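This is what each chain is made of:
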Amino acid sequence: MSWRMAVAPPSYCFVAFPPRAKDGLVVFGKNSARPRDEVQEVVYFSAADHEPDSKVECTYISIDQVPRTHAIVLSRPAWLWGAEMGANEHGVCIANEAINAREPAAETEALLGMDLVRLGLERGTTAKEALDVIVALLEEHGQGGNYYEDAHACHSFQSAYLIVDREEAWVLETVGKYWAAEQITEGVKCICNQLSLTTKIDAQHPELRSYAQSQGWWTGEDEFNFSEVFSPADDHLDCCAGKDSLEKKEESITVQTMIDILRDKASGVCIDSESFLTTASVVSVLPQNRSSPCIHYFTGTPDPSRSIFKPFIFVDDVKLVPKAQSPCFGDDDPAKKEPRFQEKPDRRHELYKAHQWARAVIESDQEQGRKLRKTMLELEKQGLEAMEEILTSSDPLDPTEVGDLFYDCVDTEIKFFK
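Residues numbered from 1 in each chain as written. Predicted model: local features only at pLDDT ≥ 70, side-chain atom pairs only at ≥ 80, totals over all residues. Heavy atoms only, no water.

- The protein chain appears in an unreviewed UniProt entry as Secernin-1 isoform X2 from Acinonyx jubatus.

Okay, here's the thing in structure tokens:
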């Protein structure tokens, strides 16, 4: 049997720090590349206290719950527990990447990289705390299991993370339970579906180097270069599509710059191929000045070049948005029963269905499609301008005004498509 590694989907994550980013804002973005027909939903969970000894059911396994979890907002494939990307109430953002490494990922069901995104957000009040949470859980439970809702094959991957808060970012790259991380506080950084850390390692698994030596991947003599040691031999993929598009920007980077980069199909950052599609995107703005709120823009729909980025702000009373949430199948969900994925239920939410109509129009009718896109961008611009006002205003934020912000944007978008 010839064993071939599944191709890791070509997602891209970015972060830009001042002064490269404008106005003292840290700007974060991710395009989530996933199987073309997969639906992503945008879901909010409020902060919660949990009983002692209670468990939390992740995608495939249950683990010990913590006494308190933070409020989080996630963009996630609708069939699983974790997330591709998201943020918490403390201004921590995490996105992950499926990675191929020299060591094949475990097919045994454990924590998914996407579960670790959510666990990091629920349990970490800073980027570094979230990193510590993720690596501790990795050590305890390991990572593994199918990344796709596919009964016919197990696609398992190692994982990398971009973990960001108002002050710093960490790039965390993992192979099994082993890991290395780099701290970033300036400039721009892009990560994609291959290992990127080299010799600048600011934190690591205590046995990382001895493990590499025991496998014969590192002599112990040469300088330790993480991606050279752990990348597959045939890994000559090029992640610089994203790096270039961010580094080439002469002007300072704003939310709009980041949205434009995520929409760029020519550079390969916005994927639309036979097997993969950018099924959802996010851009977050984290002001270094703590009196300004963090703002998170989600599409909740595929192909950012044909989607609207809609703002979300954490306040105590966030209005839930069922129209961006997929139907819930409870214990009858084929993803929860073993053998898994024997059927594929229709996971489309109302926003997804409305947007499907818009995508069809844009593809089939040039004139109407052009008008439609123009109006979509105008809707988006209104949201961006309103957020700009909040960020530049000296008045404190009125929570009642933004509690239903994302709800209203989704509602307007659906009405507009009908």
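1. Topic: the overall build of the protein chain
Here is step 1: In terms of helices and strands, the protein chain carries 10 helices and 18 strands.
Here is step 2: On C-alpha atoms alone, the protein chain measures out to a radius of gyration of 21 Å, which is about the 22 Å that the 2.2 N^0.38 rule sets for 418 residues.
Here is step 3: Taken along its principal axes, the extent of the C-alpha atoms in the protein chain is 60 × 50 × 50 Å.
Here is step 4: Look at the contacts in the protein chain between residues 6 or more apart in sequence, and 69% of them connect residues 24 or more apart.
Here is step 5: If you sum the accessible surface of the protein chain, you get close to 18,200 Å²; carbon and sulfur atoms cover 47% of it. (Helix = DSSP H or I, 4+ residues; strand = E, 2+ residues; numbered from the N terminus. Rg over C-alpha atoms; globule rule 2.2 N^0.38 Å. Contact = heavy atoms within 4.5 Å. Areas by Shrake-Rupley, 256 points an atom, 1.4 Å probe, with all protein chains shown as cover.)

2. A closer look at the sheet that holds strand β15 (residues 203-204)
Here is step 1: Strand order in the open sheet made by the eight strands is β3-β8-β9-β10-β11-β12-β13-β15, with antiparallel pairing throughout. Looking at strand neighbours, the two that pair on one side only are β3 (40-45) and β15, the edges of this open sheet.
Here is step 2: When strand β12 (residues 169-175) meets strand β13 (residues 178-184), the two strands line up antiparallel, connected through seven bridges. Bridge pairing in β13 links V171 to E182.
Here is step 3: Packed on one face of the sheet, helix α1 (residues 113-123) meets β3, β8 (72-77), β9 (85-88), β10 (93-99) and β11 (158-164) and runs near 165 degrees to β10.
Here is step 4: Contacting β10, β11, β12 and β13, helix α2 (residues 127-141) runs over the sheet at an angle of about 10 degrees to β12. (Pairing = 2+ DSSP bridges. Axes fitted to C-alpha atoms, helices over the stretch in contact; angles between N-to-C directions.)

3. With respect to the layout of surface pockets
Here is step 1: Of the voids in this model, the largest pocket is the one considered here, and its volume is about 490 Å³.
Here is step 2: Counting residues per element, the lining of the largest pocket draws most heavily on β3, at three residues.
Here is step 3: Looking at the lining of the largest pocket residue by residue, the class counts come to 13 nonpolar, five polar and eight charged. (1 Å grid on protein atoms, 1.4 Å probe; cavity = no way out; pocket = protein on both sides within 12 Å on 5 of 7 lines; lining within 4 Å. Points joined across faces, edges and corners; volume = space filled by probe spheres on them. Nonpolar A, V, L, I, M, F, W, Y, C, P; charged D, E, K, R; others polar.)

4. Points about the sheet that holds strand β1 (residues 12-16)
Here is step 1: The strand order across the open sheet formed by six strands is β14-β1-β2-β16-β17-β18, and the pairing between neighbours is antiparallel. Here the strands that pair on one side only, and so sit at the sheet edges, are β14 (188-191) and β18 (310-312). When strand polarity is set aside, the average angle formed by the axes of neighbouring strands in this sheet is 15 degrees.
Here is step 2: Taken together, the 11 bridges between strand β2 (residues 25-35) and strand β16 (residues 276-287) define a ladder with antiparallel strand orientation. The residue bridging S32 from the neighbouring strand is A280, located in β16.

5. Comments concerning the packing of aromatic side chains
Here is step 1: Evaluation of the coordinates by the stated rule reveals 16 aromatic pairs.
Here is step 2: Relative to F157, the ring of Y147 lies with its centre 5.2 Å away and its plane at 85 degrees, an arrangement referred to as edge-to-face. Placement of the pair is Y147 in the loop between α2 and β11 and F157 in the loop between α2 and β11, with a sequence separation of 10 residues. Comparing Y147 with F157, the two get one shared label, buried. (Phe/Tyr/Trp six-rings, centres within 6.5 Å; stacked < 30°, edge-to-face > 60°. Buried < 20%, exposed > 50% of the residue type's maximum accessible area, 1.4 Å probe, protein only.)

6. Observations concerning helix α6 (residues 255-262)
Here is step 1: Burial of α6 is extensive: six of the eight residues sit out of reach of the surface.
Here is step 2: Of the residues that open α6, the one with a side-chain oxygen 3.2 Å from the backbone nitrogen of Q256 is T254. (Polar contact = N/O pair within 3.5 Å; in protein donor to acceptor, adjacent residues only side chain to side chain.)

7. Observations regarding the environment of T254
Here is step 1: Take T254: it is sitting in the loop between α5 (240-247) and α6.
Here is step 2: Between the alpha carbons of T254 and G29 there is a distance of 11 Å; along the sequence they are 225 residues apart.
Here is step 3: Of note is the side chain of T254, whose polar atom sits 3.2 Å from the backbone nitrogen of Q256.

8. Regarding the pairing of β12
Here is step 1: A large share of β12 lies buried, amounting to seven of its seven residues.
Here is step 2: Neither face of β12 is open: one carries A169, V171, E173 and V175, the other W170, L172 and T174, and all of them are buried.
Here is step 3: Relative to β12, β11 is paired through six bridges, and the arrangement is antiparallel. What sits directly across from V164, in β12, is A169.
Here is step 4: In textbook terms, the turn of a hairpin is the stretch between consecutive antiparallel strands, and for β11 and β12 this stretch comprises four residues.
Here is step 5: Between β12 and β13, which pair antiparallel and follow one another directly, the connecting turn spans two residues, one of which, G176, has a positive phi of 60 degrees.

9. Looking at the side chain of E168
Here is step 1: Within the secondary structure, E168 is located in the loop between β11 and β12.
Here is step 2: No salt bridge is formed by the buried E168. Its closest oppositely charged neighbour is K128, at 7.5 Å.
Here is step 3: A polar contact of 2.9 Å, which involves the side chain of E168, links it to the side chain of W170.
Here is step 4: Within the structure, the side chain of E168 is placed 2.5 Å from the side chain of Q183, a separation counted as a polar contact.
Here is step 5: Setting aside residues no more than four positions away along its own chain, E168 makes contact with F17, A127, K128, I163, Q183, I184 and T185. (Lys, Arg positive; Asp, Glu negative; His and termini not counted. Salt bridge = Lys/Arg side-chain N within 4 Å of Asp/Glu carboxyl O.)

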